[in-house]
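Each chain is listed here by its residues.
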Amino acid sequence: MVRRSQTSNPRSAVVLTSGADWGTRAAGQRRGSGAESPMPRRQAGQVKALQQTLDVIRMAINAKRRHQARYSLSRARALVNALPADQTVKEREQLSLLRKKFEARGTPAAKKPA
């Protein structure tokens, strides 16, 4: 049994559900993709955020946290698309290597250092 409040009022009635309606409730909710996260205004901030995101992706892949890696990959893609291509050549190469490593789980390519 899961305790669920019907409204945001803390004094309102609480409904106990068995969890059978979770599938229909979750259908109305969208999974966050990382692309809608706030983006820095200046280019220098965007480059720094991209480099930090690449570090997070690398750490998440090594720790086998696939959901965090997927979220961070979509954030990195949004940051790369917001920046000029000539400024992010190195970051784009790193991102493509990390994307390949993310796709190749369980294979020898996944074990290669990126």
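Placed above this text is the structure.
Here's what I pulled together on the structure shown here. Since we're looking at a predicted model, the values are computed, not measured. (Residues numbered from 1 in each chain as written. Predicted model: local features only at pLDDT ≥ 70, side-chain atom pairs only at ≥ 80, totals over all residues. Heavy atoms only, no water.)

**Focus on the pattern of salt bridges**
Once their charged atoms are close, side chains differing in charge can pair, the charge on each being opposite to the other.
Right, on to step 1. Throughout the structure, instances matching the rule amount to one salt bridge.
Right, on to step 2. Across the salt bridge formed by D55 and R58, the nearest N and O atoms sit 3.0 Å from each other. Note that D55 and R58 are positioned in helix 2 (residues 43-62) at a spacing of three residues, about one turn of the helix.
Right, on to step 3. Its relative accessible area of 24% is what places R58 among the partly exposed residues. (Salt bridge = Lys/Arg side-chain N within 4 Å of Asp/Glu carboxyl O. Helix = DSSP H or I, 4+ residues; strand = E, 2+ residues; numbered from the N terminus. Buried < 20%, exposed > 50% of the residue type's maximum accessible area, 1.4 Å probe, protein only.)

**Quick word on the packing of helix 3 (residues 66-82) against helix 4 (residues 89-103)**
In a pair of packed helices, the angle between the axes and the distance between the axes together describe the arrangement.
Right, on to step 1. Following both chains from N to C, one finds helix 3 and helix 4 inclined at 150 degrees, their axes separated by 11 Å at the closest point. One finds that helix 3 runs roughly antiparallel with respect to helix 4. Viewed along their axes, helix 3 and helix 4 form a crossing whose handedness is left-handed. Each of R66, A69, R70, L73, A76, R77 and V80 in helix 3 lies in contact with helix 4, whose residues at this interface are R92, L95, R99 and F102.
Right, on to step 2. A breakdown of the residues in the contact of helix 3 with helix 4 according to their chemical character gives six nonpolar, no polar and five charged. (Axes fitted to C-alpha atoms, helices over the stretch in contact; angles between N-to-C directions. Parallel < 35°, antiparallel > 145°, perpendicular 65-115°, else oblique. Left-handed = near helix turned anticlockwise from the far one by under 90°. Contact = heavy atoms within 4.5 Å. Nonpolar A, V, L, I, M, F, W, Y, C, P; charged D, E, K, R; others polar.)

**With respect to the nonpolar core**
Right, on to step 1. Formed by 16 residues in total, the largest nonpolar core has its most connected members in L50, I57, I61 and L95.
Right, on to step 2. Those elements that place two or more of their residues in this core are helix 2, helix 3 and helix 4.
Right, on to step 3. Considering every element that reaches this core, the biggest residue donor is helix 2, with seven residues.
Right, on to step 4. If we ignore the near neighbours within four places in the chain, the residues touching L50 are A76, L79, V80, L83, T88 and E91. (Core = buried A, V, L, I, M, F, W, Y, C linked by side-chain atoms within 4.5 Å.)

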